[in-house]
Amino acid sequence: IYILDDVSSYLKALEPNEQTITDKDQFSAIILEILSVSSGLLDSVIERSDSSCTVEVLTNVSSDTWAILAKYKRFPVSFVNVSAYVEQIGVDEAIASMLAESGTISSVDGVEEAAKTVLIEKLIPAGGRIPSAELRANIVASLNLESFLDDDLIPSEDGKLTGWLIDKQIVADD
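Residues numbered from 1 in each chain as written. Predicted model: local features only at pLDDT ≥ 70, side-chain atom pairs only at ≥ 80, totals over all residues. Heavy atoms only, no water.

**Quick notes on unusual backbone geometry**
Filter applied, for reference: A run of H or I in DSSP counts as a helix once it spans at least four residues, and a run of E counts as a strand once it spans at least two, with each numbered from the N terminus. Under the scheme applied here, a residue whose accessible area is under 20% of the maximum for its type counts as buried, over 50% as exposed, and between as partly exposed, the area being computed with a 1.4 Å probe on protein chains only.
Positive phi is not limited to glycine here, since Ser107 has a value of about 55°. Position of Ser107 relative to the elements: it lies in the loop between helix H7 (93–102) and helix H8 (113–123). Classification of Ser107 by relative accessible area gives exposed; the value is 57%. At Gln169, a position not held by glycine, the phi torsion is positive, near 60°. Positionally, Gln169 belongs in the segment after helix H10 (161–167). Gln169 gets classed as exposed once you look at its relative accessible area, which sits at 63%.

Written out as structure tokens, the structure reads:
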């Protein structure tokens, strides 16, 4: 594949609206190849790829690609993806933007409560990246907890976070 021989020249040769990758079935394999030969250009390649080119499960590709994939919203906001991302990278601007846009985390059926709690412990205090307390409460509510969260997991912060968590039946109204 010519692109792998000289990614920089390939990108320069493209017309302004021309896409780098159009085959969604080969997207993961191609970005991993580009990562190995020219990681500095991976952002441009992903940005200019067809919007149908996504990674279904983040852990199927190198974590070195995750922040760029999140920047361009190239994976589903599913429990397995968000959990892996937040564990590896944290709640950064890219995943916060994806969460804000989706408002929920999908594919939570069958996920253990302990795993949900680990993710919640990172999302609830992420007010610096997800400033809306209501949005954070909605995202946590989408995890469909079976029981109330322990009050100790709720950070002390100004605003309405605790109220939203009570409203969404995430913490008890004691």
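**Regarding the nonpolar core**
In plain terms, the rule: Definition of nonpolar core: a set of buried residues of the types Ala, Val, Leu, Ile, Met, Phe, Trp, Tyr and Cys, connected through side-chain atoms within 4.5 Å. The contact rule is simple, with two residues in contact once any of their heavy atoms fall within 4.5 Å.
Of all hydrophobic cores here, the largest spans 55 residues; its most connected members are Leu69, Leu99 and Ile105. With sequence-adjacent residues up to four places away left out, Ile105 is seen in contact with Val77, Ser78, Phe79, Val82, Leu99, Leu119, Leu123, Ile139, Ser142 and Leu143.

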